[in-house]
2 protein chains.
Amino acid sequence: GMNRPLCAMLFLQFLLDGEEATKHFLQELVNILLAYINKSFKRSSKVLDFHYPHQLKEGLEGFSLELPDQPDNLEQLLVDCRDTLKYGVKTGHPRFFNQLSTGLDIIGLAGEWLTSTANTNMFTYEISPVFILMEEVVLRKMHSIIGWPEEDGDGIFCPGGTMSNLYSVLLARFHRFPVVKTHGMSAIPRLALFTSVHSHYSIKKSAAVLGIGSENVIVVRCDERGKMISSELNSSIETAKSKGLVPFYVNATAGTTVYGAFDPLNEIADICEHHGLWMHVDAAWGGGLLLSNKHRVKLQGIKRAHSVTWNPHKMMGVPLQCSTILVKRKGLLQECNQLCAEYLFQPDKHYDVSYDTGDKSIQCGRHVDVFKLWLMWKAKGSEGFEAQINHCLENAEYLYYKLKRRADFQLVFKGKPEHSNVCFWYLPKRLQSTLPSPERDRELHMVSQEMKPFHFLINQ
Amino acid sequence: GMNRPLCAMLFLQFLLDGEEATKHFLQELVNILLAYINKSFKRSSKVLDFHYPHQLKEGLEGFSLELPDQPDNLEQLLVDCRDTLKYGVKTGHPRFFNQLSTGLDIIGLAGEWLTSTANTNMFTYEISPVFILMEEVVLRKMHSIIGWPEEDGDGIFCPGGTMSNLYSVLLARFHRFPVVKTHGMSAIPRLALFTSVHSHYSIKKSAAVLGIGSENVIVVRCDERGKMISSELNSSIETAKSKGLVPFYVNATAGTTVYGAFDPLNEIADICEHHGLWMHVDAAWGGGLLLSNKHRVKLQGIKRAHSVTWNPHKMMGVPLQCSTILVKRKGLLQECNQLCAEYLFQPDKHYDVSYDTGDKSIQCGRHVDVFKLWLMWKAKGSEGFEAQINHCLENAEYLYYKLKRRADFQLVFKGKPEHSNVCFWYLPKRLQSTLPSPERDRELHMVSQEMKPFHFLINQ
């Protein structure tokens, strides 16, 4: 290999004029942030003071987005910070109901402030000793919650659930055909993978990115609750085989994006075992329920998976981003992804280089996403997470029963919600006595477009 | 498509006991961070108080990494925060010289604190109106600095330079063979791509991930300064063609990782044009020099590239992570990556949905990486960045001349450094009069292993 001379990369320190000015500026910024947090938690404040793109671009009340040649002064920067928050969405607001994350956990936030102050990277132990070990501790905890034996279990934090799912397909392909790493898809047969019609679009996206092709993702039908029908999975696999495709991977979803449905994991695991396929569980959204003794039964069979996606930034309320890919077989991530760049991962260091986890990743530099979760776990304990999740699902049940009793709402599917998703149509008076028809569906669709929380909130 | 009922995802607010307690806790944390920053900037403090993994895992002075069932109290959490910083690496320290990022920019840090407080996501305009527009403004600025005409230019922030480079290969493949998105690599011929022996390992990693195969990356030889030899590139392309491979992509590096070398971009562009290949420039490290009127000549020809990787978290000193992939042809990112998930990217919104940039990404959720850069640009102006980069390169030249005059150091290559990398061997007395030989090289290698900044600093 290439020899490694010493390289001194010379940088400046970019401190403001002295210690006092630095402290003063950051304290002023913190005061703005504290005021914002306080306002975010108040029901009486707006979730969003909406403006159209052209309005913001024109520079509302002197808030200019353009980049100058000459420096602005510190006072102006603080004004810019205030304006940035003013025109943004208060995602911590009690009435914010968009997407699968909400709330602003103060401990998690503190963790993120510390992380940015530490300003380091996850490639090696020497650059991130504490965070690397925290990642190990947190991942080990998550393995044990899944139910994997102690000698099993590997994983990595990565930038979002879609990347976690991409890892799972990448690993499954490498596990079945290790030659793909060096020789590519042209050295192996045409692959097929399976996921349900209600699953997240990231499975198709992964297939497109990895060179498998989105059309080789076979979409399996679901029941009316949004759960994959396992007999359909089985026949889809048979059909693919008969067409000359090589099935290698099944994604089961624990907590679908829209319905919050849980696929039947044990049935799917049986089918995967029968056909010799990699079983992945996308528990990005539903993984949090594993922390609840009451609700974890919905994920029964998850320990039979070869890999699991679990996003603590969703149901566990950790600030964005915090997502994991958990892999049962130790060492596979490293084998699949390592390239042993010598400038970074020297084998002859004076500590155990198995802690240099950077080569497990498909990234090089990797943001520290673990600390906020670690700190929140310290603050709540496993029991705190359990209580929080139970309470959240009780609230969903409460809403479900409220809507069920009303003539102006119609629930999308029968039965209590399994997750915190409650799906409903609003029925204006004129539609309450209309029989179901495609025409009525179109109208309901338009009503819901008008009603969606976004409009709700800006008009309040 | 699937209809879209309304989903209410119910969460709790996880505020601490009341407003005052929240404020008090965060203020205490900020005091810890301010003390840490202050200490980081002092030359007299240690860069790292090194401990081996087993020492940290055993729980130094009561600092336990293990996750509890029961909550810890707030006082304990603050102690944990202090300990986390205490055993970590002070990457902002004036004597920290590891990897390609260093320094702690106070404005950038403020930007990151605000970003985590806003706790939002980059998928749509409705969830991130201000940050989406800032991304547009900053990317447009970067396009114009590269020299692309105003009607061209697209891009996205992504989690690190390796991901940026992966995007470039993905886009080049799709541009040449759009069918690959749906039908995969089995529908297209065997591809070959080209990069220099001194280039970053992410090009090989991308080929492995994308199903092209790392062995289909043809490694082109460099001159003694680490620059790609363009005639070698040309003959490598001819050879690959004669073997039945289909060349489609060339990566040129502007600022190699170890030597800081700049490939001859215009010569490479000529070859790419001749053979009809996609030209990517990995300017992750060297991109910053574009901001300097004195040094941008080193990247002459970059405007002829189809895509450029440029990491503001490297030479521009932005806190981690801040990395871009810049693409000349508008719309290609969207065509290549979009899957139009209806729950997120509804076409019938009441604002211009071209601002819903999430479907350009291979991620779904995407961390807000733009704000800290935007705020730093406001604080320094383009001129501030230029002065900072010029000064940094002057320092490198100063070190180069210092080392050149000394008998106990040997520079790795002749001539002034082009970037801030200064590469040298330390020659202990016993080796100063030894003639070059493999044996001597091995010894120098061992010396440099002992000398490397890491050891330097913990022993000081």
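Analysis parameters
- Residues numbered from 1 in each chain as written.
- Chains lettered and ligands numbered in written order.
- Predicted model: local features only at pLDDT ≥ 70, side-chain atom pairs only at ≥ 80, totals over all residues.
- Heavy atoms only, no water.
- Helix = DSSP H or I, 4+ residues; strand = E, 2+ residues; numbered from the N terminus.
- Rg over C-alpha atoms; globule rule 2.2 N^0.38 Å.
- Buried < 20%, exposed > 50% of the residue type's maximum accessible area, 1.4 Å probe, protein only.
- Contact = heavy atoms within 4.5 Å.
- Areas by Shrake-Rupley, 256 points an atom, 1.4 Å probe, with all protein chains shown as cover.
- Lys, Arg positive; Asp, Glu negative; His and termini not counted.
- Charge placed at Lys NZ, Arg CZ, Asp CG, Glu CD.
- Pairing = 2+ DSSP bridges.
- Buried area = accessible area lost by both parts, 1.4 Å probe.
- Salt bridge = Lys/Arg side-chain N within 4 Å of Asp/Glu carboxyl O.
- Polar contact = N/O pair within 3.5 Å; in protein donor to acceptor, adjacent residues only side chain to side chain.
- Nonpolar A, V, L, I, M, F, W, Y, C, P; charged D, E, K, R; others polar.
- Least-squares fit on C-alpha atoms with pLDDT ≥ 70 in both.
- Core = buried A, V, L, I, M, F, W, Y, C linked by side-chain atoms within 4.5 Å.
- Expected span 1.5 Å × (residues − 1).
- Axes fitted to C-alpha atoms, helices over the stretch in contact; angles between N-to-C directions.
- Parallel < 35°, antiparallel > 145°, perpendicular 65-115°, else oblique.
- Left-handed = near helix turned anticlockwise from the far one by under 90°.
- Domains from an automatic or database assignment.
- UniProt positions renumbered as here; feature names shortened; annotations may be inferred.

**Observations regarding the overall build of chain A**
When helices and strands are counted, chain A shows 14 helices and 10 strands. Relative to the compact-globule value of 23 Å for 460 residues, chain A shows a C-alpha radius of gyration of 25 Å, a close match. With respect to the principal axes defined by its C-alpha atoms, chain A has extents near 70 × 65 × 45 Å. Burial statistics for chain A: of 460 residues in total, 66% are counted as buried. For chain A, contacts bridging at least 24 residues in sequence account for 70% of all contacts bridging at least 6. Of the roughly 16,400 Å² that chain A leaves accessible, carbon and sulfur atoms contribute 51%. Seen as two clouds, the 50 positive and the 49 negative side-chain charges of chain A have centres 8 Å apart.

**Remarks on the pairing of strand 2 (residues 154-158) of chain A**
All names here are of chain A. Most of strand 2 sits inside the fold, with 5 of its 5 residues counted as buried. Pairing of strand 2 with strand 8 (residues 323-327), which is carried by 5 bridges, proceeds in the antiparallel orientation. Residue Phe 157 lies in a different strand from strand 8, and its bridge partner there is Thr 324.

**Section: the interface of chain A and chain B**
Chain A puts 189 residues into the contact, and the matching count from chain B is 189 residues. Buried area between chain A and chain B, both sides added, is near 17,500 Å², and the carbon and sulfur share of it is 66%. One can count 6 salt bridges joining chain A with chain B. Lys 57 of chain B is paired through a salt bridge with Glu 136 of chain A; the nearest N and O atoms lie 3.1 Å apart. Run the count over chain A and chain B and you get 57 residue pairs in polar contact (both at pLDDT 80 or more). The biggest single contributor to the side of chain A that touches chain B is helix 12 (residues 370-404) of chain A, with 17 residues. A class-by-class count of the residues in the side of chain A that touches chain B yields 101 nonpolar, 57 polar and 31 charged.

**Concerning the relation of the copies chain A and chain B**
Once chain A has been moved 0.0 Å along the axis and rotated by 180 degrees, it coincides with chain B to within an RMSD of 0.0 Å. The transformation relating the two chain copies, once decomposed into turn and shift, fits a two-fold axis. The position closest to the rotation axis in chain A is occupied by the C-alpha of Leu 210 of chain A, lying 2.1 Å away. An overlap of 99% is found between the interface residues of chain A and their copies at the interface of chain B, pointing to a shared contact surface.

**Some remarks on the nonpolar core**
Counting residues in hydrophobic clusters, the biggest one holds 212 residues, and the most contacted among them are Val 308 and Trp 310 of chain A together with Val 308 and Trp 310 of chain B. Ranked by size, the runner-up nonpolar core spans 64 residues in total, among them Cys 158, Val 209, Val 246 and Tyr 249 of chain B.

**Describing the environment of Lys 86 of chain B**
Residue and element names in this part refer to chain B. Structurally, Lys 86 is set in helix 3 (residues 74-86). Lys 86 gets classed as partly exposed once you look at its relative accessible area, which sits at 37%. In the structure, Lys 86 is positioned 215 residues away from Gly 301 in sequence and 46 Å away in space, judged by C-alpha atoms. Apart from residues lying up to four places away in sequence, Lys 86 is in contact with Asp 49 and Glu 61.

**Focus on helix 6 (residues 161-176) of chain A**
With 16 residues, helix 6 of chain A ought to run about 22 Å at 1.5 Å a step, and its terminal C-alpha atoms sit 23 Å apart, in line with that. Where burial is concerned, most of helix 6 of chain A is hidden: 14 out of the 16 residues are buried.

**Quick look at the sheet that holds strand 5 (residues 246-253) of chain B**
Residues and elements named next belong to chain B. Taking strand neighbours across the sheet as the criterion, the 7 strands line up as 2-8-7-6-5-3-4 in an open arrangement whose pairing is mixed. Sheet topology places strand 2 (154-157) and strand 4 (217-220) at the edges, where each strand pairs with a single neighbour. Taken pair by pair, the neighbouring strands of this sheet meet at an average axis angle of 20 degrees, ignoring direction. Bridge count for strand 3 (residues 191-196) against strand 4 is 4 bridges, and the pairing is parallel. Paired with Phe 194 across the two strands is Ile 218, which belongs to strand 4. Contacts from helix 8 (residues 202-209) reach strand 3, strand 4 and strand 5, with the element oriented near 165 degrees to strand 4. Sheet strands touched by helix 10 (residues 265-275): strand 5 and strand 6 (278-282). Its angle to strand 6, the strand with the most contacts, is close to 155 degrees.

**Quick look at the packing of helix 1 (residues 18-40) of chain A against helix 3 (residues 74-86) of chain A**
Residues and elements named next belong to chain A. Running from N to C, helix 1 and helix 3 point in directions that differ by 20 degrees, and their axes come no closer than 11 Å. When the axis of helix 1 is compared with that of helix 3, the two are roughly parallel. For the crossing formed where helix 1 meets helix 3, the hand is right-handed. Of the residues in helix 3, those in contact with Phe 25, Glu 28, Leu 29, Ile 32, Leu 33 and Tyr 36 of helix 1 are Leu 74, Leu 77, Leu 78, Cys 81, Arg 82 and Leu 85. When its residues are assigned to classes, the contact of helix 1 with helix 3 shows 10 nonpolar, no polar and 2 charged.

**Considering unusual backbone geometry**
Residue and element names in this part refer to chain A. Omega for the bond connecting Leu 320 with Gln 321 falls within 30 degrees of zero, at -10 degrees, which places this linkage in the cis form. Mapping Gln 321 onto the fold places it in the loop between strand 7 (307-310) and strand 8. Not every positive phi belongs to a glycine, and Asn 119 is a case in point at roughly 45 degrees. Looking at where Asn 119 falls in the secondary structure, it is placed in the loop between helix 4 (106-118) and helix 5 (129-146).

**Regarding the packing of helix 3 of chain A against helix 12 (residues 370-404) of chain B**
At a minimum axis distance of 10 Å, the contact between helix 3 of chain A and helix 12 of chain B shows a crossing angle of 150 degrees. Between helix 3 of chain A and helix 12 of chain B, the angle falls in the class roughly antiparallel. Considering how the two elements wind past one another, helix 3 of chain A and helix 12 of chain B form a crossing that is right-handed. Within the contact between the two elements, helix 3 of chain A uses Leu 77, Asp 80, Cys 81 and Thr 84 of chain A and helix 12 of chain B uses Phe 371, Trp 374, Leu 375, Lys 378 and Ala 379 of chain B. A per-class count over the contact of helix 3 of chain A with helix 12 of chain B returns 6 nonpolar, 1 polar and 2 charged.

**Let's talk about the pattern of salt bridges**
Under the counting rule described, the total for this entry stands at 38 salt bridges over all chains. A salt bridge links Lys 205 of chain B to Asp 359 of chain A; its shortest N-O distance comes to 3.2 Å. Of this pair, Lys 205 of chain B sits in helix 8 while Asp 359 of chain A sits in the loop between helix 11 (332-337) and helix 12, on two different chains. Measuring nitrogen to oxygen at the nearest pair gives 3.2 Å for the salt bridge that ties Lys 372 of chain B to Glu 112 of chain B. With Lys 372 of chain B in helix 12 and Glu 112 of chain B in helix 4 (residues 106-118), this pair connects stretches of sequence that are 260 residues apart. One continuous salt-bridge network, built from bridges that share partners, spans Lys 57 of chain A together with Glu 136 and Arg 140 of chain B.

**A word on the domain arrangement of chain A**
It is common to report an interface's size as the accessible area lost on association of the parts. Structurally, chain A comprises domain 1 (6-96), domain 2 (116-377) and domain 3 (381-454). Here the C-alpha centre of domain 3 of chain A lies 36 Å away from the C-alpha centre of domain 1 of chain A.

**Observations regarding the UniProt feature "modified residue: N6-(pyridoxal phosphate)lysine" (unreviewed entry) in chain A**
Residue and element names in this part refer to chain A. According to UniProt, the positions carrying the feature "modified residue: N6-(pyridoxal phosphate)lysine" (unreviewed entry) are Lys 314. You can see Lys 314 is positioned in the loop between strand 7 and strand 8. Judged by relative accessible area, which is 15%, Lys 314 ranks as buried.

**Some words on helix 5 (residues 129-146) of chain B**
All names here are of chain B. The end-to-end C-alpha distance of helix 5, which contains 18 residues, comes to 26 Å, matching closely the 26 Å that a straight helix rising 1.5 Å per residue would cover. Of all 18 residues in helix 5, 14 are buried, a share of seventy percent or more. After helix 5 finishes, the residue Gly 147 shows a positive phi value of roughly 105 degrees.

**Topic: the environment of Asn 337 of chain A**
Mapped onto the secondary structure, Asn 337 of chain A falls in helix 11. Among the residues examined, Asn 337 of chain A registers a relative accessible area of 4% and is labelled buried. Among residues more than four places away in sequence, those in contact with Asn 337 of chain A are Tyr 167, Leu 170, Lys 181, Asp 359, Lys 360, Ser 361 and Ile 362 of chain A together with Lys 205 of chain B.

**Notes on the side chain of Asn 251 of chain A**
Residues and elements named next belong to chain A. Of note, Asn 251 is situated in strand 5 (residues 246-253). Polar contacts involving the side chain of Asn 251 include one to the side chain of Thr 195, which spans 2.9 Å. At 3.4 Å, the side chain of Asn 251 forms a polar contact with the backbone nitrogen of Asp 282.

**Remarks on the sheet that holds strand 7 of chain A**
All names here are of chain A. One open sheet holds the 7 strands; their spatial order is 2-8-7-6-5-3-4, and the pairing between them is mixed. For this open sheet the edge positions go to strand 2 and strand 4 (217-220), each flanked by a neighbour on one side alone. Direction aside, neighbouring strands of the sheet carry axes that sit 20 degrees apart on average. Lying over the sheet, helix 5 contacts strand 2, strand 7 and strand 8, oriented at roughly 120 degrees with respect to strand 2.

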